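Report on the structure
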Amino acid sequence: MSFRTYGVGRLRLRPQRRKIVLLLGFYVLAYLVFLGERPLLRFDEARYAEIPREMIESGDWVVPRLNGVRYFEKPVLGYWLTALCLRVFGENNFALRLVPALCAGGTAWTVLWTASLGGAGISSLGVASAAVLLSSPLFFALGTLNLLDMPLTLFLTLCFAFFFAAYQSGRKSGRVRFLALLGGAAGGAFLVKGFLGLVLPALGILPFLAWEHKLTSWVPRLWIPILTACLTALPWSLLIHWREPDFWNYFVWEEHWRRFVSEEAQHASPTWYFIPILLVGFFPWSLLLPAALNGLKYAFRDNPLLRLSLCAFALPFLFFSFSSGKLSTYILPCFPPLAILTAAGLLRALEAGEDRYFGKAVRGMIPVCVSAAAGLALVQVPGASFAPYLPEEAWKWVLGSASLLFWAGLTWRAGKTRIPIRKILLVAACPLLAMILYQVAIPAAVEKEISPEEFLRAQKDRVRQGEKLYAEKYLFHAVCWVYKRSDVILFDDPGELDYGLGYEDARDRMVSLKEFISIAREGGEGKLLTLFTRKRIYLEVKDLLPPPVYEARDGGFVVSRYGSVPETTSRRSEAGF
């Protein structure tokens, strides 16, 4: 099937290669080169760093543990992949974020390949779809953070890609091969985040088959992916049941049923919650959606790829919208099919000469970018009431303003060129400098508020071997990771370790506020203990505690030591309040 049927032309060989090289360069610069520059986010990234570290340290690759406590919120494949990177590249931030970054690149390549099926070589639709995806802010952010959403998205995108390849295949052997791969990808998605890996592919594929009036002919073939999905997921599923019989009870009830159905679900939010997340996370393409919709008006009739993409986007989006618990990261799997829809609509509209919506959006972005660049410069004027950067960080805001002007210049150029694919690639290139600066030019004051990593490293020499470490629920992950400890005691609130702390062998990992006050007041040689808290929490309990022998603060984080120290060490408070 030719992609001219899809309303998009094919690229000539040399321009095709050039655009692929530029796309690859964009990915490497934005996603890989500066991957380890930012400190870890205080709990999310540190959590998914510490679990793989403890797997390596303990040699237990079956039961996930956090701070030495059973942690049953997710299966193991994401942890295994991160642990592999830690073994190869060492325990550093680059290694921690490499898995999501590579998965982001794999997802973009899968989109490119899927959108190019049906013709010889890579199509303009494939290149445009990958460019739209890689330049979307939410996709970029989650592709450079140590979270599990991007690996899940890669496996789910592979599910739809392999299904479409099977659907397009004219040979029985091809259909069987791709359906088997579909099942393997679904099994991989299950091992990353559980039953979502099975539900979301079904939500996209079955409605598509109903739309195509092929349910009765295709459903009997689905035993192939079901079998390979089971073969992929079953070994670890049986091992964890053998080692921890209560795993599936907790995982199914707490992590699936309560999160998606219960009125008491974590992160409960209204039905419309994901709409603003989508509009912001898909910027600037969300401004171009009217232009894309204009091009898609008549495209679904002769294009099965777009029909599948619509099902793969809309049904999971509605599923997440009507679930009880919501986080902004949940809708990431909706972005690859949305990128295909957006690229196809824009190409079709621009090739037909219907560029009025595109032109309006482009003209509207230019003054916004210029105004933002000017605003960033103005707030740094001496005497301004709000200056995000310190005087010694002038290079950061200067480059920030330059990145916005670069964005405006490329947007202007996109409006001038007449070649549809070039218009789309220029818009995709607009945020490149901003993406790079996001990783290297965050204000130091902001870093100190959102990440305790550098602060904890600065205190590392003061933490003695065998000293008891206490931390609140939002900081213990980072304390474990920085100090390579899996015996940190939680202070006052168990947080996400509530379930694991219920086991007999973990009950010494938690103390109440009253118990901690009593321990801190005992003092005595050899009873040094250190408390890590956020400043807000510390100020609430400070008056209930004895004077610390050492105290330090940096941004929003506090470290306090209680007990007695050798006579050679003075009692002091460094960076008091």
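What you see is a predicted model; the values in this text were computed from it and never measured.

Here the focus is the packing of aromatic side chains. In total, this model carries 39 aromatic pairs according to the counting rule given. Ring plane angle 90 degrees and centroid distance 5.4 Å describe the contact between Trp-236 and Phe-247, whose orientation is recorded as edge-to-face. Of this pair, Trp-236 sits in helix H11 (residues 223–243) while Phe-247 sits in helix H12 (residues 247–260), placing them eleven residues apart in sequence. By relative accessible area, Trp-236 is classed as buried at 4%. By relative accessible area, Phe-247 is classed as buried at 0%.

So, about the pairing of strand E6 (residues 529–534). Burial runs high along E6: six of the six residues are buried. Two strands pair when backbone bridges link them, and strand E3 (residues 468–471) and E6 are joined in this way by four bridges, in the parallel orientation. Within E6, the residue paired with Leu-469 across the bridge is Thr-530. In terms of strand pairing, E6 meets strand E8 (residues 557–562) through six bridges, oriented antiparallel. Within E8, the position partnered with Leu-531 by the bridge is Ser-560.

A word on the sheet that holds E6. The strand order across the open sheet formed by six strands is E5-E4-E3-E6-E8-E7, and the pairing between neighbours is mixed. Whereas interior strands pair on both sides, the edge strands pair on one side only; in this sheet they are strand E5 (510–511) and strand E7 (550–554). Relative to E3, helix H23 (residues 476–483) is tilted by about 145 degrees, and along the sheet it contacts E3, strand E4 (489–491) and E6.

Looking at where Ser-135 falls in the secondary structure, it is placed in the loop between helix H5 (124–134) and helix H6 (137–143). Residue Ser-135 is classed as buried on the basis of its relative accessible area, which comes to 1%. Among the polar contacts listed, one links the side chain of Ser-135 to the backbone oxygen of Val-132, at a separation of 3.2 Å. Looking at Ser-135, its side chain comes within polar contact range of the side chain of Trp-285, at 2.9 Å. Once residues within four sequence positions are removed from consideration, Ser-135 is found in contact with Phe-26, Phe-283, Trp-285, Ala-428, Pro-431 and Met-435.

Turning to unusual backbone geometry, a few remarks are in order. Along the chain, Phe-283 connects to Pro-284 via a cis peptide bond; the corresponding omega equals 5 degrees. Following the sequence through the fold, Pro-284 ends up in the loop between helix H13 (274–281) and helix H14 (289–296). Despite not being glycine, Lys-484 shows a phi value in the positive range, around 55 degrees. Look at Lys-484 and you get partly exposed, because its relative accessible area is 29%.

Turning our attention to helix H18 (residues 394–416). Helix length check: H18 (23 residues) gives 33 Å between terminal C-alpha atoms against 33 Å at 1.5 Å per residue, within 8%. Along H18, the residues that are buried comprise Lys-396, Gly-400, Ser-401, Ser-403, Leu-404, Trp-407, Ala-408, Leu-410, Thr-411 and Ala-414. Buried residues in H18 make contact with helix H17 (356–378), helix H19 (420–429), helix H20 (432–440) and helix H21 (444–450).

The next thing to look at is the packing of helix H7 (residues 149–168) against helix H15 (residues 304–322). At a closest axis distance of 11 Å, the pairing of H7 and H15 adopts a crossing angle of 150 degrees. As far as their axial angle goes, H15 and H7 are roughly antiparallel. For the pair H7 and H15, the sense of crossing is right-handed. From H7, Phe-160, Phe-163, Phe-164, Tyr-167 and Gln-168 reach across to H15, where they touch Pro-304, Leu-305, Leu-308 and Ala-312. Along the lines of polarity and charge, the residues of the contact of H7 with H15 split into eight nonpolar, one polar and no charged.

The subject of this paragraph is a positive patch on the surface. A cluster of like positive charges, contributed by Lys-297, Arg-356, Lys-360 and Arg-363, occupies part of the molecular surface. Looking at the element boundaries, Arg-356 is found in helix H17.

Another point: the confidence of the model for the protein. The predicted model of the protein averages 87 in pLDDT, with 91% of residues at 70 or higher. Here residues 1–13 is a poorly scored stretch, pLDDT under 50, and it has 44 contacts once near neighbours within four places are set aside; other chains count. Here residues 567–577 scores under 50 on pLDDT; set against residues more than four positions off or in separate chains, the count is 27 contacts.

Glancing now at the pattern of salt bridges. With the rule as written, the count across this model stands at 21 salt bridges. The salt bridge involving Asp-505 is made with Arg-70; its shortest N-O contact spans 3.0 Å. Of this pair, Asp-505 sits in the loop between E4 and E5 while Arg-70 sits in strand E2 (residues 69–70); the two residues are 435 residues apart in sequence, bridging distant segments of the chain. In this structure, Arg-534 and Glu-472 form a salt bridge, with 2.9 Å as the shortest nitrogen-oxygen distance. Note that Arg-534 is positioned in strand E6 and Glu-472 in the loop between E3 and H23, a separation of 62 residues in sequence. The class for Glu-472 is buried, based on a relative accessible area of 4%. The network of salt bridges with common partners includes Asp-44, Arg-47 and Glu-496.

Procedures and definitions
- Residues numbered from 1 in each chain as written.
- Predicted model: local features only at pLDDT ≥ 70, side-chain atom pairs only at ≥ 80, totals over all residues.
- Heavy atoms only, no water.
- Phe/Tyr/Trp six-rings, centres within 6.5 Å; stacked < 30°, edge-to-face > 60°.
- Helix = DSSP H or I, 4+ residues; strand = E, 2+ residues; numbered from the N terminus.
- Buried < 20%, exposed > 50% of the residue type's maximum accessible area, 1.4 Å probe, protein only.
- Pairing = 2+ DSSP bridges.
- Contact = heavy atoms within 4.5 Å.
- Axes fitted to C-alpha atoms, helices over the stretch in contact; angles between N-to-C directions.
- Polar contact = N/O pair within 3.5 Å; in protein donor to acceptor, adjacent residues only side chain to side chain.
- Expected span 1.5 Å × (residues − 1).
- Parallel < 35°, antiparallel > 145°, perpendicular 65-115°, else oblique.
- Left-handed = near helix turned anticlockwise from the far one by under 90°.
- Nonpolar A, V, L, I, M, F, W, Y, C, P; charged D, E, K, R; others polar.
- Patch = residues over 30% accessible without salt bridge, like charges linked within 9 Å, V, L, I, M, F, W, Y side chains within 5 Å.
- Areas by Shrake-Rupley, 256 points an atom, 1.4 Å probe, with all protein chains shown as cover.
- Salt bridge = Lys/Arg side-chain N within 4 Å of Asp/Glu carboxyl O.
- Lys, Arg positive; Asp, Glu negative; His and termini not counted.
- Charge placed at Lys NZ, Arg CZ, Asp CG, Glu CD.
- pLDDT = per-residue confidence, 0-100.

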